[in-house]
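# Close look at the chain arrangement
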Amino acid sequence: MTAAHDTTIVAIVGAGPLARAMLETLMGVASVEIRCVFSADPDAPALALARENGIRCHIDGRIDGHVEDGVDGRVNGRVVSRFDVLAADAEVNLILETTGEPDVLTAVEAAASPNSLVLDAAATRGVLRLLSGQRESLERDITRRENAEKARYLRQASHQIKSPLSSIQSSVNVILGGYTGEIPERTREVMEKIHARCDAALSGLAKRRLLADLRCVDHDGLEMDSVRLATMVREAVDLHAALASQRGVEIQVAPHDVPDLARWPDLVRCDHQKMVALLSELVENAVVYSEEHGVVEVSVDARPDGRLMVAVRDHGIGIPERCLPRIFDEDYRADPAVQHYLDGVGLGLTIAREIADLHGFDLTAQSEEGRGSVFTLSVPAAPAVP
Ligand code: ADP
């Protein structure tokens, strides 16, 4: 077999876990051809993978069971090593010794052709780390590019849908405002429903766009600032004041229980706008999944380890235990929620978790069906600026 000029031809000595990891990594590299694998153990983990991919396996001096001429024996009175086959293959230009055994390394170095570079197990491990890191960053780049493309498409599509929906809403407002004349009660009810459905569709679109945009950024894309948690909690609560009063729910913001305000004045390093979006999703859910006359409690506490905890608690419909593990999944809605609140879209908690993950914050949920839920966000407090 002749290889292209710029192809690296590799032989792997050993077939243990390091060899297997190396095989998996190198098989994804276009400019690498893995010529052969050497193993003393016929059951070693890398051998099956090598065979599946048509790579020649030298097992204890045999090629897949056939004794090789002149290998591991005496030829014309000279002791030859099972690695002498390497000397005959001048095309191999990289030999990766993965067993870590000094004797094996010495034998490989003695047998290798002058064209081959031999790397010992430590160097091979280093190369593997380097390649894996490069692959991960490449995969991250590809995912980010795909997400950016999705977000761009979604922006266009949502723009096209948003305009007609908004104009339907304006027309409905004109009718509801009585500008086209008196309207019968039944017509008013239908018009109000149309208005509410348009609202829900617009909010669903906005959430889908926000989620798509979030998936295009990483931690470095956050606009970090030191912001008071109390300020962000207040902003999130204010966003839903109208919704709460419309649904007959009271939102209580508990007084701060931050004992050492001088040292930990509830400052958080975060992207202000995104944190408000996260908290807003939790408050919105607590409101919509409460029963009428329900109370939602929002509190901020400081823990002795320097973490601040925001808890959003409601006494509403709760979440069945079997549904709890899935509530952060995209588009997931638990059955009781679908019956209780028609206009949900199953994206709020996905957005909240995405924002928490981007910052490295912990977001957890506890709930009891029929009794209510509490969502807790744990964030490290930023030390006070002197
Ligand atoms: P949406 O509320 O639009 O359905 P979310 O992603 O915000 O979507 O929430 C996902 C699901 O988690 C909801 O459909 C509901 O089943 C459940 N859930 C979230 N918050 C609460 C809550 N406070 N009380 C009861 N169920 C909740």
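Residues numbered from 1 in each chain as written. Predicted model: local features only at pLDDT ≥ 70, side-chain atom pairs only at ≥ 80, totals over all residues. Heavy atoms only, no water.

## Considerations on the overall build of the chain
Selection criterion: Counting from the N terminus, the helices are the DSSP runs of H or I reaching at least four residues and the strands are the DSSP runs of E reaching at least two. Note on method: radius of gyration uses C-alpha positions; expected globular size equals 2.2 Å times residues raised to 0.38. For every residue, the accessible area (1.4 Å probe, protein chains only) is compared with the maximum for its type, and the residue is labelled buried under 20%, exposed over 50%, or partly exposed between those bounds. The criterion used for residue contact is that any of the two residues' heavy atoms lie within 4.5 Å. With residues, only the protein chains shown are counted as cover, and all accessible areas are computed by Shrake-Rupley using a 1.4 Å probe. Think of it this way: Lys and Arg go in the positive column, Asp and Glu in the negative one, and His and the chain ends go nowhere. Lysine's charge is taken at NZ, arginine's at CZ, aspartate's at CG and glutamate's at CD.
Within the chain, the secondary structure is distributed over 11 helices and 16 strands. Here the chain has a C-alpha radius of gyration of 32 Å; the compact-globule value for 386 residues is 21 Å, and the former is much larger. Overall, the chain is about 110 × 55 × 40 Å in size when its C-alpha atoms are taken along their principal axes. Here the chain, with 386 residues, has 41% of them falling under the buried criterion. Of all intrachain contacts in the chain linking residues separated by at least 6 positions in sequence, the fraction that spans at least 24 positions is 68%. Entry remark: accessible area of the chain is about 21,100 Å², with carbon and sulfur atoms responsible for 52%. Averaging the positions of the 40 positive and the 60 negative side-chain charges in the chain gives two centres separated by 2 Å.

## Thoughts on the pattern of salt bridges
The line we're drawing: Take a side-chain nitrogen of Lys or Arg and a carboxyl oxygen of Asp or Glu: if they are within 4 Å of each other, that pair is a salt bridge.
This model, assessed by the stated rule, comprises 22 salt bridges. The partner of Glu33 in a salt bridge is Arg35, with the nearest N and O atoms 3.0 Å apart. Side by side, Glu33 and Arg35 carry an identical accessibility label, which is buried. Among the ionic pairs, Arg35 bridges to Glu91, the shortest N-O distance being 2.9 Å. Linking Arg35 in strand 2 (residues 32–39) with Glu91 in the loop between helix 3 (84–88) and strand 8 (94–97), this pair joins segments that are 56 residues apart in sequence. Arg35 sits in the buried class, given a relative accessible area of 9%. For Glu91, a relative accessible area of 27% puts it in the partly exposed group. Overlapping salt bridges, with partners in common, bring together Arg208, Arg215, Glu330, Asp331 and Glu354 in one network.

## Things to note about the sheet that holds strand 14 (residues 307–314)
For clarity, the threshold we go by: The rule for pairing is simple: two strands pair if DSSP sees at least two bridges between them. Angles shown run from 0 to 180 degrees and are taken between the N-to-C directions of axes, each axis being a line fitted to C-alpha atoms and, for helices, limited to the stretch in contact.
Strand order in the open sheet made by the five strands is 11-13-14-16-15, with mixed pairing throughout. Strands at the two margins of the open sheet, each flanked by one partner only, are strand 11 (250–253) and strand 15 (362–368). Neighbour-to-neighbour, the strand axes of this sheet turn through a mean angle of 15°, independent of strand direction. Pairing geometry for strand 14 and strand 16 (residues 372–380), over eight bridges, is antiparallel. Residue pairing across strands places Val310 opposite Leu377, the latter belonging to strand 16.

## A word on the site of the ligand
Applied cut-off: Being near a molecule or strand, for a residue, means having at least one of its heavy atoms within 4 Å of it. Identification of polar contacts relies on pairs of N or O atoms within 3.5 Å, with a donor-acceptor requirement for protein atoms, meaning one able to donate a hydrogen and the other able to accept it, and with residues adjacent in sequence counted only if both atoms are side-chain atoms. Classification used: nonpolar for Ala, Val, Leu, Ile, Met, Phe, Trp, Tyr, Cys and Pro, charged for Asp, Glu, Lys and Arg, polar for all others including Gly.
Around the ligand, the surrounding shell holds 20 residues, and the nearest of these are Asn285, Tyr289, Arg333, Val345 and Leu349. For the ligand, a nitrogen atom lies 3.3 Å from a polar atom in the side chain of Ser373. Surface burial for the ligand is 98%, taken as the share of its 520 Å² of free accessible area covered by protein chains. Going through the elements one at a time, helix 9 (272–288), helix 11 (348–359) and strand 16 are the ones with two or more residues in the shell around the ligand. Per-class residue counts for the shell around the ligand are 12 nonpolar, six polar and two charged.

## Overview of the nonpolar core
What counts here: By convention a nonpolar core is built from buried Ala, Val, Leu, Ile, Met, Phe, Trp, Tyr and Cys residues, the set being connected through side-chain atoms within 4.5 Å.
One finds Leu229, Met232, Met275 and Leu377 to be the most contacted residues of the largest nonpolar core, which totals 54 residues. Looking at this core element by element, the count peaks at nine residues for helix 9. Excluding residues that lie within four positions of it along the chain, Leu229 makes contacts with Asp266, Val268, Met275, Val300, Leu308, Val310 and Val379. Counting residues in hydrophobic clusters, the runner-up holds 25 residues, among them Ile12, Leu26, Leu96 and Ala121.

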